[in-house]
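One letter stands for each residue in the lines below.
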Amino acid sequence: MVPAAVIASAPALAGAHYLTLDQAQNILFPGATFTNDFRTLTDDQIDQIVSEIDVKVWNRKVRVWRVSTGGWFIIDQVRGKDDWVSYAVGLDETGAVTGIEILECWEQYNQIRHPAWRDQFTGARHGEFAGTRYGKIRDDSKVQSITGTTLSAVHITEGVTRLLATFAVIIAPGEL
């Protein structure tokens, strides 16, 4: 039998839902309409992304939408400390980050939702963004880690780095 005091002090084991898909789209691109343009990465495209940025590609399906006002909206997931973190990234027509919104993550690691932390990614672009290396935020990165949420911060940074490379490999060649 487990004492009640131990159960009462245990952290919640469920992710908190912060935004729906529609809410995230409206925050990142107010008033726009969205056309789903989902893509599936080939083995060659995955190899190209991984060789360029040394980040794991977790899913070959890319959930991307074209935005009526210009740009792209992408939903992605990365591993947090204990579970998946769902987030959305807005990119302008050239592939620069316009914003990031966290849709779902564990409440105890939700410091990645702070606007000042997410704003560090604004303007990030493939080939110019110093994100992560060997599972840590690079020393020359403008993105700062968050004490107590280190893994989630690192993995979001890896995810954004991967999405920027993915944009360069599968979207930019046909659009720019």
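Residues numbered from 1 in each chain as written. Predicted model: local features only at pLDDT ≥ 70, side-chain atom pairs only at ≥ 80, totals over all residues. Heavy atoms only, no water.

Trainee: Residue-level account of the side chain of Asp76, with values.
Mentor: Relative to the helices and strands, Asp76 is located in strand 5 (residues 72-79). Of the polar contacts made by the side chain of Asp76, one reaches the side chain of Tyr87; its length is 2.5 Å. Side-chain polar atoms of Asp76 contact the side chain of Arg162, separated by 2.6 Å. Not counting the four nearest positions on each side in its chain, Asp76 is found in contact with Val85, Ser86, Tyr87, Gly159, Arg162 and Leu163. (Helix = DSSP H or I, 4+ residues; strand = E, 2+ residues; numbered from the N terminus. Polar contact = N/O pair within 3.5 Å; in protein donor to acceptor, adjacent residues only side chain to side chain. Contact = heavy atoms within 4.5 Å.)

Trainee: Explain the pairing of strand 6 (residues 84-91) residue by residue, including any values.
Mentor: Within strand 6, seven of the eight residues are buried, leaving the element largely enclosed by the surrounding structure. Taken together, the eight bridges between strand 5 and strand 6 define a ladder with antiparallel strand orientation. Pairing of Gln77 across the sheet is with Ser86, part of strand 6. (Buried < 20%, exposed > 50% of the residue type's maximum accessible area, 1.4 Å probe, protein only. Pairing = 2+ DSSP bridges.)

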